[in-house]
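# Structural overview
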Amino acid sequence: MKLATLKDGSRNGQLIVVARDLKTACIAHDIAPTLQAALDDWGFISPQLEALYQKLNSGKAAHSFDFKADACMSPLPRAYRKVTAQTYPAYAERVSGGQGSVGKEGLPVLTESRADFLRPPTEDVLLLSEQSDLDFSAEILVLTGDLPQGSSNAAAFEQIRLIGLSCQWRLHAAALRDTPHSALADAGTTLAPVLVSPEELGEYWREGKLGLQVRIAWNGNLIGQPDAGGMAFSFPQLMSFLSLHSPVVNGTMISGGVITDKQTSRGVGCLTEKRALEFAATGEYRSSYLRHGDLLKIEMLDKAGKSVFGAIDTGIVESL
């Protein structure tokens, strides 16, 4: 099934079920008022949402309406926790000299990022100064159920509730000025309008990885279509590792990091990677970071050319 959150003037919005083709939707308030409420009682709520989803796809759902991404908040406007792992070896090789994707004893490196404000899919990003070196990164993430401490990979796999496409915003100048993980460097996350259940992804979801390409357009020019399936660690592995010393709370977001393809011909998942490739080839950085007036679109299509999560479609606007 596919789920989104409609703007209604509240902090958490109103949960809606979205049709497979992303053309229509219906409000799910009789089942659960918000996505977090659904996650909190997933075993009871999700079958009801699935039944409504099937009705919507067959044209039998009452009071359906046209689905519009610009009428939506982030599908989960606020999360309890967001953790990012850089799981693509090609990114570490190109950007950080092979460091970053694997830590001691071959375990993944996990970092915390803000989850109190998750940006809507079409909301512009306010940028105070172009000297802040604002970058984006296209990422796949999952929402988890509750995981007891020390959960196995198999147990973690069963607790993957929903999968989404996201864009992490980062101010590199702030990171360099303060510390690499400075709170000021984290400019938040934008989510594509729709979160998708694993079974909806069919053949593209294998062993806890999503094997589809993401398309990234910067000012109308396609700069990347990397394949998301090249993770060194699967999402169940990341979840299991996160639970090693403490439980994982229902509704936690875990990202696999910047989607990076081992084939450079498929372009990049962020501007930092683009600049690193330019420097390796020419000895200079030819691309800037994001500037006022820039437009960015990130979308994942299936093999039939249909959008899976809807698009992140946003601009960079000067803040006053």
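Note: the structure precedes this text.
Before going into details, it helps to say that this report is about the structure given with it. In this text the structure is predicted, and so the values were computed from the model without any measurement.

### What about the packing of aromatic side chains?
Counted according to the given criterion, the structure contains 2 aromatic pairs. Relative to phenylalanine 235, the ring of tryptophan 205 has its centre 6.4 Å away and its plane inclined at 20°; by these criteria the two rings are stacked. Residue tryptophan 205 is found in strand β13 (residues 205-206), and its partner phenylalanine 235 is found in helix α6 (residues 235-242); the two are separated by 30 residues along the sequence. The pair tryptophan 205 / phenylalanine 235 is uniform in exposure class, with both members buried.

### Observations regarding the nonpolar core
Grouped together as the largest cluster of nonpolar side chains are 63 residues, with contacts concentrated most on Phe136, Trp169, Leu210, Ile298 and Met300. Beyond its immediate stretch of four places on either side in the chain, leucine 210 contacts Ile140, Ile163, Leu201, Tyr204, Trp205, Asp227, Ala228, Gly229, Met300 and Phe309. Membership of the second largest hydrophobic core comes to 28 residues, among which are Leu15, Ala32, Tyr53 and Met253.

### Overview of α6
Counting buried residues in α6 gives 6 out of 8 residues, a clear majority hidden from the surface. Residues Phe235, Pro236, Leu238, Met239, Ser240 and Leu242 constitute the buried set of α6.

### Considering the pairing of strand β2 (residues 14-18)
With 4 of 5 residues buried, β2 is to be regarded as a mostly interior element. Bridge analysis of strand β1 (residues 2-6) against β2 gives 5 bridges, and the strand direction is antiparallel. Note that in β2 the partner of leucine 6 across the bridge is glutamine 14. Of the pairings in the sheet, the one linking β2 to strand β3 (residues 24-27) comprises 3 bridges and is antiparallel in character. Each residue of the ladder has a partner; that of isoleucine 16, found in β3, is isoleucine 27. Taken together, β2 and the strand that follows it, β3, pair antiparallel across an intervening segment of 5 residues, in which leucine 22 is found at a positive phi of about 65°.

### Let's talk about the pairing of strand β5 (residues 82-85)
Looking along a regular strand, one sees side chains alternate from face to face of the sheet. Burial of β5 is two-sided: the residues Lys82 and Thr84 facing one way and the residues Val83 and Ala85 facing the other way are all buried. Here β5 runs beside strand β6 (residues 110-113); their pairing, made up of 4 bridges, is antiparallel. Note on β6: the bridge partner recorded for valine 83 is glutamate 112. Bridge count between β5 and strand β17 (residues 253-258): 3 bridges; the pairing is parallel. Bridging from a neighbouring strand, threonine 84 pairs with serine 255 of β17.

### A closer look at unusual backbone geometry
For residues other than glycine, phi is negative in most cases, and the peptide bonds are mostly trans. Even without being a glycine, leucine 22 presents a positive backbone phi close to 65°. Among the structural elements, leucine 22 can be located in the loop between β2 and β3. With a phi angle near 55°, asparagine 219 is a residue other than glycine that sits in the positive phi range.

### With respect to the sheet that holds strand β8 (residues 125-127)
The 5 strands are arranged β8-β19-β18-β15-β16 in an open sheet whose pairing can be described as mixed. Strands at the two margins of the open sheet, each flanked by one partner only, are β8 and β16 (221-224). Taken over all neighbouring pairs, the strand axes of this sheet differ in orientation by 25° on average, direction set aside. In this structure, strand β15 (residues 214-218) lies alongside strand β18 (residues 295-300), joined through 5 bridges in antiparallel fashion.

### What to know about the pattern of salt bridges
With the rule as written, the count across this model stands at 7 salt bridges. Between glutamate 278 and lysine 274 there is a salt bridge, with the nearest N and O atoms lying 3.7 Å from each other. In this pair, glutamate 278 and lysine 274 are both assigned in helix α7 (residues 271-282), 4 residues apart and thus about one turn of the helix distant. Judged by relative accessible area, glutamate 278 falls into the buried class, the value being 13%. What makes lysine 274 partly exposed here is its relative accessible area of 24%.

### Description of the side chain of serine 243
Tracing the backbone through its elements, the reader meets serine 243 in the loop between α6 and β17. Exposure remark for serine 243: the relative accessible area of 0% places this residue in the buried category. Polar contacts involving the side chain of serine 243 include one to the main-chain carbonyl oxygen of serine 240, which spans 2.8 Å. Leave out the neighbours within four places in its chain, and serine 243 touches Pro148, Gln149, Gly150, Ser151 and Val248.

Rules used in this analysis
Residues numbered from 1 in each chain as written. Predicted model: local features only at pLDDT ≥ 70, side-chain atom pairs only at ≥ 80, totals over all residues. Heavy atoms only, no water. Phe/Tyr/Trp six-rings, centres within 6.5 Å; stacked < 30°, edge-to-face > 60°. Helix = DSSP H or I, 4+ residues; strand = E, 2+ residues; numbered from the N terminus. Buried < 20%, exposed > 50% of the residue type's maximum accessible area, 1.4 Å probe, protein only. Core = buried A, V, L, I, M, F, W, Y, C linked by side-chain atoms within 4.5 Å. Contact = heavy atoms within 4.5 Å. Pairing = 2+ DSSP bridges. Axes fitted to C-alpha atoms, helices over the stretch in contact; angles between N-to-C directions. Salt bridge = Lys/Arg side-chain N within 4 Å of Asp/Glu carboxyl O. Polar contact = N/O pair within 3.5 Å; in protein donor to acceptor, adjacent residues only side chain to side chain.

In short, geometric facts, not functional conclusions.
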